[in-house]
Amino acid sequence: MTKVKNSENNVRLGTNPVIAFLKRNGGILIGFLILCVVVQINTPKFLTWNNIVGVLRQISTNLYVACAITMILIAGGIDLSAGAVISLSSVVVATCLVNYGLPIPLAILAALAIGCIAGLINGTLIYKTGLPPFIVTYSVQCICQGIAYVWTGAQPIRLTDRNFIFLGTGFVFGVIPMPLIYLAVVIFFVWYILNRTKLGRHIYAVGGNEKAAEFSGVNIKRVRWFVYAFSGTMAALSGVVLTARMYSGQPAVGAGGEMDAIAAVVLGGTSMGGGRGTIGGTIIGALLIGVMNNGLNLAGVDSYWQMVAKGFIILIAVYVDFIKQGKRLRA
């Protein structure tokens, strides 16, 4: 099979991985550092330990989903159902614990299974019907969000199990928040898949040129199933952690969650056209959005203006990607 050229596996930017990372993500990294300096100047509380930990906890649930959507965008797809899956998994885990009295591991597995099934439905419909991923995942979004509201009557399900709540609010050694432990595992898993496995090469190949990848023997169905099932599972993980942090299952907790994740991924340099992207860029993109939101909160800026700022950031990032693709096609 033709060797797939992607920015993490095949571009030789130097033998030092740190230098390679800086070259790939230098622009957004500089922007992130400038933002940190500006926020610190305006709000001196920004670089305090408690605030930094708070920012990392806030972005962790976004990054679970963003890591998965990185793979989906690289494969040439998109997932608009993630926010609704977050909401549905939140009410599922809360219902299993409160109404059915299931042990915590079983309740979490039930929520993750719901997310995985939703993702498999997305992948299967996209592959079997040939419908655009935008249409399929938006339809699944409506279905999942509707089920979450019907299931709960649009009311939260309160939790009191301290062992479960610890999973979202606890600290390891009194320093490291539990959500960051899960995040480290997710990031390593996605990095390993994209950079060290045949499946990762196939993901890049499908996004670069699906027809060529199919003629080269790539199992398109397997790729679609994996990336969407993983996205659903990560959305469910986000829902479980958010449920533990909020002490309740909320049918609207994931509202807009998919857009936050897509914003981080696109801002991190992953192409909306498929075939290009790095998990390192996604991490920086999520950090940038998290710092921006935190800085605006510390400055007392209304949350609605944060939505406006995020919209402009997404627009600029997509436009830059559009310009880059045009230059590559002309080259």
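Residues numbered from 1 in each chain as written. Predicted model: local features only at pLDDT ≥ 70, side-chain atom pairs only at ≥ 80, totals over all residues. Heavy atoms only, no water.

**Quick word on the overall build of the protein chain**
Here's step 1: From N to C terminus, the protein chain includes 13 helices and four strands.
Here's step 2: Scaling as 2.2 N^0.38, a compact globule of 331 residues should have a C-alpha radius of gyration of about 20 Å, and the protein chain matches this with 20 Å.
Here's step 3: Relative to its full complement of 331 residues, the protein chain shows a buried share of 50%.
Here's step 4: In the protein chain, once contacts between residues fewer than 6 apart in sequence are set aside, the share between residues at least 24 apart is 77%. (Helix = DSSP H or I, 4+ residues; strand = E, 2+ residues; numbered from the N terminus. Rg over C-alpha atoms; globule rule 2.2 N^0.38 Å. Buried < 20%, exposed > 50% of the residue type's maximum accessible area, 1.4 Å probe, protein only. Contact = heavy atoms within 4.5 Å.)

**Details of the nonpolar core**
Here's step 1: Residues Tyr64, Met71, Val93, Phe164, Val190 and Ile203 are the most contacted members of the largest nonpolar core, which totals 90 residues.
Here's step 2: Ranked by the residues each element gives to this core, the list is headed by helix 2 (residues 49–74), at 13 residues. (Core = buried A, V, L, I, M, F, W, Y, C linked by side-chain atoms within 4.5 Å.)

**Considerations on the environment of Leu97**
Here's step 1: Turning to its location among the elements, Leu97 is positioned in helix 3 (residues 82–98).
Here's step 2: For the pair Leu97 and Leu80, spaced 17 residues apart in sequence, the C-alpha to C-alpha distance is 28 Å.
Here's step 3: Once residues within four sequence positions are removed from consideration, Leu97 is found in contact with Leu102, Pro103, Ile104, Ala107, Leu159 and Phe164.

**A closer look at the packing of helix 3 against helix 5 (residues 133–152)**
Here's step 1: It is at 8 Å that the axes of helix 3 and helix 5 come closest, and there the two elements cross at 30 degrees. Between helix 3 and helix 5, the angle falls in the class roughly parallel. The two elements helix 3 and helix 5 cross, and the hand of that crossing is left-handed. Contacts from Gly83, Ala84, Val85, Ser87, Leu88, Val91, Val92 and Thr95 in helix 3 reach Gln141, Cys144, Gln145, Ile147, Ala148, Trp151 and Thr152 in helix 5.
Here's step 2: Broken down by class, the residue content of the contact of helix 3 with helix 5 amounts to nine nonpolar, six polar and no charged. (Axes fitted to C-alpha atoms, helices over the stretch in contact; angles between N-to-C directions. Parallel < 35°, antiparallel > 145°, perpendicular 65-115°, else oblique. Left-handed = near helix turned anticlockwise from the far one by under 90°. Nonpolar A, V, L, I, M, F, W, Y, C, P; charged D, E, K, R; others polar.)

**Concerning the packing of aromatic side chains**
Here's step 1: Counted by the stated rule, this structure contains four aromatic pairs.
Here's step 2: When the centroid spacing of 5.4 Å and the interplanar angle of 35 degrees are considered together, the rings of Phe189 and Phe230 count as tilted. Here Phe189, found in helix 7 (residues 178–196), pairs with Phe230, found in helix 10 (residues 220–246); they are 41 residues apart in sequence, far enough to count as distant.
Here's step 3: Centroid distance Phe226 to Phe230: 5.9 Å. Interplanar angle 5 degrees. Geometry classified as stacked. Of this pair, Phe226 and Phe230 both sit in helix 10, four residues apart, which is roughly one turn of that helix. (Phe/Tyr/Trp six-rings, centres within 6.5 Å; stacked < 30°, edge-to-face > 60°.)

**So, unusual backbone geometry**
Here's step 1: Positive phi, normally seen in glycine, also occurs at Phe173, with a value near 60 degrees.
Here's step 2: For Phe173, the location among the structural elements is in the loop between strand 2 (171–172) and strand 3 (176–177).
Here's step 3: Using a relative accessible area of 78% as the deciding quantity, one classes Phe173 as exposed.
Here's step 4: One non-glycine residue, Tyr247, lies in the positive phi region at around 65 degrees.
Here's step 5: Within the secondary structure, Tyr247 sits in the loop between helix 10 and strand 4 (248–249).
Here's step 6: Under the relative-accessibility criterion, Tyr247 is labelled partly exposed at 36%.

Geometry only, nothing functional implied.
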